[in-house]
Amino acid sequence: MSVTAVDARRLQIGYRNGRDSTTVLSDVDLTVPQGEFLTILGPSGCGKSTLLRVVANLLDPLGGQITVLGDAPEAARRARKTGFVFQDATLLPWRTVVQNIRLPAVVGGRQARALPESRISNAMELLGLSGLEDRYPSQLSGGQRQRVAIARALIDEPEILLMDEPFGALDEITRDRLNDELLSIWRETGMTILFVTHSIEEAVYLGQRIIVLAANPGRILNIHDLRPIKTDDNACQREDAAIVAEIAAQRRLLAEAS
Amino acid sequence: MRYTHILAPIFGALSILAAWQFLLPLSGVPAYIAPTPTKIIAVFFTQTDLILSNFLPTATEAVAGFFFGNLAAVMFAILFAYARFIRMAYFPVVLFFNTIPILALSPIIILIFGLGMTPKIIIAAIICFFPTLVNMIRGLASASPNEEELFRMLSATKFETFLRLHLPRSLPMLFSSLRIATATAVIGAIVGEWIGADKGLGALIIQATFNYQSDKLYAAIVASSSLSIALFALVALIEARVMRGWAR
Ligand SMILES: Nc1ncnc2c1ncn2[C@@H]1O[C@H](COP(=O)(O)OP(=O)(O)OP(=O)(O)O)[C@@H](O)[C@H]1O
Ligand SMILES: [Mg+2]
């Protein structure tokens, strides 16, 4: 538990275009201890997804240092220590629910095939998917699809779960439920979660800390600790006065920055 | 009303056939230009052997041409999709080859391979080849960026990504090309028979035309389009089987 989950120093993040490059976020300094639930908030296009993609080793940084679990992001990805949940679930339409969840056991060379079958049934049960094994993604609701995507990420038992607006396309009722289920999965597994959202309420409700990003120029605007207004296991009431005040404060901050 | 979508087109076809049957004699069009539907149908009963002995060679050539042409197209598409240098070197050659009209190419193929079935199979294969090649190359590249990243997150090998992502993703485009190829394969076989053959529906069409036997000519046309329809139905059946459950 002594290693940090993510450690970034003067990180430059952006996209290379041949010899040119466009910087999206600069001077990112960030330390995420293991086991933290961190939410990342910011306006559209500020670089939230790009930041997650660098941690996931789907994109190389333009400069600066980053370690994931004390090692290079690539090592963490190759060891399946990082998992990723996409906004659109990204289920393969030709595979059933159980076949989609089993995908990490089917691709990825030797280590993948060592996954015990019990993990699949456990993940299905944990996400309330029992009975839907043989459905195709086209036969699922948006919320069910997102549950399948989370189950698929969990069967590798990653130490860090990267979630890119996983509930962004869901209705509020479903989203609130999945928020609570995610919190209880997080408590049970003790993994680190980096959770991107553009919903201020969601960011405040879920996170132990919030990172607020701003655009033009892209940067970390503020890192805010929410633990003082929550209980020890990161629980809170949505209607709690301190939470409501916090949401209003973050909204003001974002409005001033843009 | 559940069967309207089946009954309506049957009604449409029957009404046109009925109009053809009864209005044609009144119109004064001579029988050697257009026979009535009943006379065309009669050919299938009175000259069953003639139709069958010409249908089978064409069917064999079309099916074999369809199979080999599309198989080659799929294999070349995979090669071109994953071997960048080979694609850059040879795709322009394939493009050039495709611009040669099949009618200009066919006599050369007949000269090389003689009058048997082989040249017809080759002609049918060639006209199936290019559309499937292009569709399959596009299909293999049609996975979304998120799907590619999912496989990268899982450290999937190139071959695993091909087998589990690119190949299934290419199926919708492959099948839409295969459906069209059912008709073009039959056209290829018939064109080959026109240029040099003594049997097959193409040969029958030429003979019947020169002998003013319009009933045989039309019967040959009905037989060849039946062949296309049967091939199309077979492909559609396989497609439905392979892609059951897929979102449309
Ligand atoms: N492949 C790419 N090449 C070049 N620029 C890109 C690429 N992808 C994204 N960008 C740019 O990087 C910036 C940040 O994009 P990013 O997707 O990280 O934003 P985001 O904060 O996730 O937005 P949203 O909330 O809309 O998802 C945007 O200005 C975008 O135009
Ligand atoms: Mg994004």
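Fair warning: this is a prediction, and the values are worked out from it, not measured in the lab.

K.L.:
What should I look at first to understand the site of ligand 1 in this one?
P.N.:
All names here are of chain A. Neighbouring ligand 1 are the residues Y15, V24, P43, S44, G45, C46, G47, K48, S49, T50 and E165. Alone, ligand 1 offers 640 Å² of accessible surface; in the complex the protein occludes 57% of this. With three residues, the single largest contributor to the shell around ligand 1 is helix α1 (residues 48–55). Looking at the shell around ligand 1, its residues break down into four nonpolar, five polar and two charged.

K.L.:
Before we go on, may I ask you to explain the pairing of strand β2 (residues 20–33) of chain A in this structure?
P.N.:
When a strand is regular, its side chains alternate between the sheet's two faces. Residue and element names in this part refer to chain A. Where strand β1 (residues 4–17) lies against β2, ten bridges are found, and the strand directions are antiparallel. Note on β2: the bridge partner recorded for Y15 is T22. In sequence, β1 turns back onto β2 through a hairpin of two residues, with G18 there showing a positive phi of about 65 degrees.

K.L.:
Any chance you could explain the domain arrangement of chain B here in plain terms?
P.N.:
When the parts come together, some accessible area is lost, and that loss is often what is quoted as the size of the interface. All names here are of chain B. Structurally, chain B comprises domain 1 (1–30) and domain 2 (31–242). Averaged C-alpha coordinates put domain 1 and domain 2 at centres separated by 30 Å. Taken together, the contact pairs seven residues of domain 1 with ten residues of domain 2. Counting each side, the surface lost to burial between domain 1 and domain 2 is near 700 Å², with a carbon and sulfur contribution of 70%. Here domain 1 and domain 2 share zero salt bridges between them.

K.L.:
Please explain the pattern of salt bridges as it appears in this structure.
P.N.:
Any two side chains of opposite charge can pair if their charged atoms end up close together. Residues and elements named next belong to chain A. Summed over the entire model, instances satisfying the criterion amount to 18 salt bridges over all chains. The shortest N-O distance in the salt bridge between R209 and E36 comes to 2.7 Å. Placement of R209 in strand β8 (residues 209–214) and of E36 in the loop between β2 and β3 (37–41) is noted, with a sequence separation of 173 residues between them. With respect to burial, R209 and E36 carry one shared label: buried. Between R227 and E36 there is a salt bridge whose closest N-O contact spans 3.9 Å. In this pair, R227 sits in the loop between β9 (219–225) and α8 (241–257) while E36 sits in the loop between β2 and β3, placing the two residues 191 residues apart along the sequence. For R227, a relative accessible area of 38% puts it in the partly exposed group. Because the salt bridges share partners, they merge into one network encompassing E36, R209, D225 and R227.

K.L.:
For this particular structure, what's the right way to read the packing of helix α5 (residues 102–113) of chain B against helix α8 (residues 158–195) of chain B?
P.N.:
When two helices pack together, their arrangement is given by the angle between their axes and by how far apart the axes lie. Residue and element names in this part refer to chain B. Following both chains from N to C, one finds α5 and α8 inclined at 60 degrees, their axes separated by 10 Å at the closest point. Seen from above, α5 lies across α8 with right-handed handedness. Within the contact between the two elements, α5 uses L103, S106, P107 and I110 and α8 uses V191, G192 and I195. When grouped by side-chain class, the residues that make up the contact of α5 with α8 number five nonpolar, two polar and no charged.

The rules behind these values
Residues numbered from 1 in each chain as written. Chains lettered and ligands numbered in written order. Predicted model: local features only at pLDDT ≥ 70, side-chain atom pairs only at ≥ 80, totals over all residues. Heavy atoms only, no water. Near = heavy atom within 4 Å. Areas by Shrake-Rupley, 256 points an atom, 1.4 Å probe, with all protein chains shown as cover. Helix = DSSP H or I, 4+ residues; strand = E, 2+ residues; numbered from the N terminus. Nonpolar A, V, L, I, M, F, W, Y, C, P; charged D, E, K, R; others polar. Pairing = 2+ DSSP bridges. Domains from an automatic or database assignment. Contact = heavy atoms within 4.5 Å. Buried area = accessible area lost by both parts, 1.4 Å probe. Salt bridge = Lys/Arg side-chain N within 4 Å of Asp/Glu carboxyl O. Buried < 20%, exposed > 50% of the residue type's maximum accessible area, 1.4 Å probe, protein only. Axes fitted to C-alpha atoms, helices over the stretch in contact; angles between N-to-C directions. Left-handed = near helix turned anticlockwise from the far one by under 90°.

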